[in-house]
Amino acid sequence: MTDSHLTRRTLLRYGAYGAGAAALAGTAASWDRLTGADVPGRDDGSLVVATLGSAFDPAAVRALREGFRELHPDIPLRVNAVQAVDWSDFFAKILTQIAAGTAPDLVYVATEGVQLFARRLGVPLDRWVRRDADELREYFADVHPSLVESMMYEGSLHQLPVEFNAADMYLNRQVLRRAGADVPPPDWTRDDFTALLRRMKRSSDAHFTPYFWTNRLWGGVMPWLFANDTNLLAESKAPGGSWLWDTFYPADQRRGRGGGFRWTTPQATDDRVAEAYEYLASLVREDLCTRPEGGNGSNLVGVFSTGRVGVTPAGGFWAGGLHLAGMDPDGYDVQYFPRRLTQRHQFGAAGYAMLRTSKMQDAAWEFIKYAARRDTLTRLFRSNQTTPARRSMLTEARYRDTGPAGWRVFYDTLDRFPDTGPIPAPPQVAEVEQVLLKHTGAALSSPRAVRPALRRMQGDLEQAMEREI
C-alpha cells in the first residue's frame, strides 16, 4: 500500500459514506455566525466548486473544468480541490472558508452530510428541476429512484446523485479454491456465509482471517442490521415528492417513494439489532473474523489481494482500488450481501449541494446539470474508483481491465432489491456515528457484552437525537 492515489483517492470511498461528521455539525451550529456579508475584495466573479481533492485526480478535475467552459464560456469556474484526509477534515476546511467569507458556491457532499446541508446550509433544487424537466428526463431515466430519494429532504430535492456505493461482498478466488468452494449464488443466506467462512478457516493457516470488516457507519454493522430487517434508528419516509416522482418515473418505480428519509427513534435494544450483534460476536468467538477496527480500511487492500483475508464488504470503488494494487481481475469476484430476514442492502451516494450564501445560484445549477451528464461522469470515473449513479455507464468494457467478473452486481443491488436504502444519516449524524462506533467495539468484546453495550448505546443515541441542529 504505497501508491498515494490508492490510499488517498480510491480507499477514501471506504470512509466517504460513514466518516465522522463532527465538523459538518459544527458548520451547521455556526450558521448564524457564518451568514454575514462576505469579506470585501474576496470575490473574483468565478463560480467556485469545492470537491474533496483526493476524490478526483488532477486530470479529472482539469477535464471537469474544461468541459464546463466549453458549454458555458460566460461562467468562469474555479474548482477548489480541497486536500483532506477524510470527509470530516474536508467539511472542517469548508467551515473555515465560510467563516473567512470565501465560501464556495457548491460543495461535493456525501450521504452523511445530505440532510444536515439541506436543513441548514443548502438550497432546494425543486424550482430548477421543474423548469428544466424536459432536459432532465434522460438523467432520471438513467438513475435509480432510490439514489434520488436519498438526496431528498422533507419533500425537496437537494442534490443530483452522481455516484454511489452499495455494500456488497468481495471474495478472494485464491482463498475460495483453497477451500474447495465457488463464488456463492445470488440468493445465499447468512448460514451459507458462516459455512463458507468455516471452510476457509479449515483450509488456511493461523495468519488468515476469513472475514474482515471495519467499524464505521458504512459497511460496518449496518449491512447486518439491514439484512435482519432492522435499523439503528426507526426509518420512515417524509411526505411529499410526488412532483418529482410523477414527472420522471413510471408507476412501478415511484410506488412507495416519498419526500426523503426520516431517521428518528433509536432502537439499539430491538431484538433484531441484538441478534445481529450476537451473530457477529459469535464469528469473533470462532475466530472467523477479528474484532472490527476503526478507520477507513486503508490496510485492507494489501491483506485481501495477498489472500490473508477471504471475504470483506465493499462497493464498486474497490474494483479500481484492487486494480491499482496490482490484483488480477480474475483474482476476486463480488456477490450480493447474504440474506437473513431480508436481502436489503445499504448504500452511500454523493452529489453537489448548492450553498445558500451563493450569489450565483443560476450558474451553480448549470454546473450541477453539467456534472450529472454521462460524458462528464465518464471522464471523471475512468478508473472505476466508484460506482456511477448512471446505470448506462456500467458496461462490460468498463470492467474488462479491472474486474470483477460479477460487475453487474454493483447496480443490480439497486435493481434487484429496490428497497435498498441509504445509511441512517439524520442531521445529528455526527453524534449518531460516534455512539455507534464506541459501543460496537464494546459489544463485540464478548458474547455476554452485547446486550449491556446496546443498552448503553440506546441511552447515548437518545441523547444524541434530542440535540437540536
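Predicted model, so just to flag it, every value in this text is computed and none were measured. (Residues numbered from 1 in each chain as written. Predicted model: local features only at pLDDT ≥ 70, side-chain atom pairs only at ≥ 80, totals over all residues. Heavy atoms only, no water.)

Attention shifts here to the environment of Ala166. Its place among the elements puts Ala166 in strand β6 (residues 163–166). A relative accessible area of 3% means that Ala166 is categorised as buried. Linking Ala166 and Thr387, residues 221 residues apart in sequence, is a C-alpha distance of 8.6 Å. Apart from the residues within four sequence positions on either side, Ala166 is in contact with Trp218, Ala314, Gly315, Gln346, Phe347 and Thr413. (Helix = DSSP H or I, 4+ residues; strand = E, 2+ residues; numbered from the N terminus. Buried < 20%, exposed > 50% of the residue type's maximum accessible area, 1.4 Å probe, protein only. Contact = heavy atoms within 4.5 Å.)

Ordered by their spatial adjacency, four strands build an open sheet running β8-β11-β7-β12, and the pairing between neighbours is mixed. Pairing within the sheet leaves two strands with one partner each, and these edge strands are β8 (209–211) and β12 (332–335). Each strand of the sheet is rotated relative to its neighbour by a mean of 25°, with strand direction disregarded. Here β8 pairs with strand β11 (residues 309–314) via two bridges, running parallel. Its bridge partner being in β11, Thr209 is matched across the sheet by Val309. (Pairing = 2+ DSSP bridges. Axes fitted to C-alpha atoms, helices over the stretch in contact; angles between N-to-C directions.)

At a closest axis distance of 9 Å, the pairing of helix α22 (residues 429–443) and helix α23 (residues 450–466) adopts a crossing angle of 170°. It follows that α22 is roughly antiparallel to α23 by the angle criterion. The residues of α23 that touch α22, namely those facing Glu431, Val432, Val435, Leu436, Lys438, His439, Thr440, Ala442 and Ala443, are Val450, Ala453, Arg456, Met457, Asp460, Leu461, Ala464 and Met465. (Parallel < 35°, antiparallel > 145°, perpendicular 65-115°, else oblique.)

Our next topic: the side chain of Asn172. Relative to the elements of secondary structure, Asn172 occurs in strand β7 (residues 168–172). Judged by relative accessible area, Asn172 falls into the buried class, the value being 0%. Once you skip the residues sitting within four places of it in the chain, Asn172 turns out to touch Phe304, Ser305, Gly307, Val309, Gly310, Met327 and Gly331.

What follows concerns unusual backbone geometry. Gly403 connects to Pro404 through a cis peptide bond whose omega is 0°. With respect to the helices, strands and loops of the structure, Pro404 is situated in the loop between β14 (387–388) and α21 (409–416).

Among the nonpolar cores identified, the biggest contains 147 residues, and Phe140, Tyr211 and Phe367 are the most heavily contacted of them. Here the element with the most residues in this core is helix α16 (residues 271–285); it accounts for nine residues. Domain assignment of the residues forming this core places at least three in each of domain 1 (37–167 + 238–263 + 347–426) and domain 2 (168–232 + 267–344 + 428–466). Once residues lying within four places of it in the same chain are set aside, the contact partners of Phe367 are Leu47, Val49, Leu64, Phe68, Leu77, Leu106 and Tyr352. (Core = buried A, V, L, I, M, F, W, Y, C linked by side-chain atoms within 4.5 Å. Domains from an automatic or database assignment.)

As a further point, take the packing of aromatic side chains. Given two aromatic rings, their pairing is described by the distance between the two centres and the angle made by the two planes. Counting across every chain of the model gives 27 aromatic pairs. With centroids separated by 5.5 Å and ring planes inclined at 65°, the aromatic side chains of Phe68 and Phe367 adopt a geometry described as edge-to-face. Of the two residues, Phe68 sits in helix α5 (residues 58–71) while Phe367 sits in helix α19 (residues 361–371), which places them 299 residues apart along the sequence. Overall, the relative accessible area of 0% leaves Phe68 in the buried class. Given the relative accessible area of 0%, Phe367 is considered buried. Between Tyr336 and Phe417, the ring centres sit 5.1 Å apart and the planes meet at 90°, which makes this aromatic pair edge-to-face. Taken together, the residues Tyr336 in the loop between β12 and β13 (346–354) and Phe417 in the loop between α21 and β15 (421–422) connect sequence positions 81 residues apart. Assessed through its relative accessible area of 5%, Tyr336 is described here as buried. (Phe/Tyr/Trp six-rings, centres within 6.5 Å; stacked < 30°, edge-to-face > 60°.)

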